[in-house]
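Examination of the molecular architecture
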Amino acid sequence: MIRIILFGAPGAGKGTYSSELIKKYKVPQISTGDMLRAEVKEGTELGKEAHEFMKHGQLVPDQMVIEMVHKRIQEPDAVNGFILDGFPRTVTQANSLDQMLRQMNIELSGVIKIEISQETILSRLTGRRVCTNCGATFNIATMKPKQEGICDKCGHNLIQRPDDKPETILNRLAIYQKDTEPLIEFYKKKDLLRPVQCEGPYNEALARVFAALEKMAKV
Ligand code: ADP
Ligand code: ZN
């Protein structure tokens, strides 16, 4: 049973690692970024409101994501574990998550902190391309698709996310440092933080993430 948070800066690879982890552990990935992008794509009220913040690289208001996660985490497929990706991102969100888990009478297995240099982050974010259809991610420098501009998995077009433009990236990183980094202390105090060095070859970093998870998984 794993109930974890994948924690790291934008571009650290949370989405890429979680898509590997869910295959092995058969638990859902709860990605607030993906959920919000789906709302935007469907043109819901929530999506319209969220889009105004997302396009500038700002965080959407806490209450919006907290409600989304609150609903999602209680769905039947999350009963036997989950991987939270991109949530919590503020101390307010982390406190709400604590409260939700207490109410559900469950505990986190741990928080995996993806450690990576600022340089790598910048090159990843500027090179990132995502599939307009299935959401798979590629990188024009480090994880090229087989055919330029085309998704390996489903054949649809790849685009650059609007918030991956250079001006917005710097904004997102500044917000990460100000609003999200305080969570490191928050989870350290609870003795839940598990830092994993993710610089270097992808497969080796992934193996280290898996190893960290093995240690915290409870049967
Ligand atoms: P990344 O990790 O690459 O920044 P995400 O896909 O996790 O990207 O998030 C994209 C955007 O969605 C964020 O910049 C923010 O606007 C919004 N978002 C996602 N998760 C949250 C959250 N937990 N709290 C507030 N805003 C969020
Ligand atoms: Zn695709």
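Here, the structure is the one placed above.
Keep in mind that this is a model prediction, so the values were computed, not measured. (Residues numbered from 1 in each chain as written. Chains lettered and ligands numbered in written order. Predicted model: local features only at pLDDT ≥ 70, side-chain atom pairs only at ≥ 80, totals over all residues. Heavy atoms only, no water.)

**A look at the sheet that holds strand 3 (residues 81–85)**
Think of a sheet as strands paired side by side through backbone hydrogen bonds, with each pair either parallel or antiparallel. Stated formally: When DSSP finds at least two bridges between two strands, those strands are taken to pair. Per the convention used, a helix needs a DSSP run of H or I reaching at least four residues, while a strand needs a run of E reaching at least two, with both numbered from the N terminus. Between the N-to-C directions of two axes lies an angle of 0 to 180 degrees, each axis being a line fitted to C-alpha atoms and, for a helix, fitted only over the stretch in contact.
The strand order 2-3-1-4-8 describes an open sheet built from 5 strands, whose pairing is parallel. The open sheet has two edge strands with one neighbour each: strand 2 (29–31) and strand 8 (193–197). Pairs of neighbouring strands in the sheet enclose a mean axial angle of 25°, with direction left out of account. The sheet contact formed by strand 4 (residues 110–115) and strand 8 spans 5 bridges and is parallel. Within the sheet, the bridge partner assigned to Ile-114 lies in strand 8 and is Val-196.

**Digging into the pairing of strand 1 (residues 2–7)**
Selection criterion: For every residue, the accessible area obtained with a 1.4 Å probe (protein chains only) is divided by the maximum for its type, and the residue is called buried under 20%, exposed over 50%, and partly exposed between those limits.
Of all 6 residues in strand 1, 6 are buried; the element is thus mostly enclosed. Side-chain alternation along strand 1 places Ile-2, Ile-4 and Leu-6 on one buried face and Arg-3, Ile-5 and Phe-7 on a second face that is also buried. Relative to strand 3, strand 1 runs parallel, the two sharing 5 bridges. The residue of strand 3 that forms the bridge with Leu-6 is Asp-85. As paired strands, strand 1 and strand 4 are joined by 4 bridges and run parallel to one another. Within the sheet, the bridge partner assigned to Ile-5 lies in strand 4 and is Val-111.

Read these as geometric descriptors, not functional statements.
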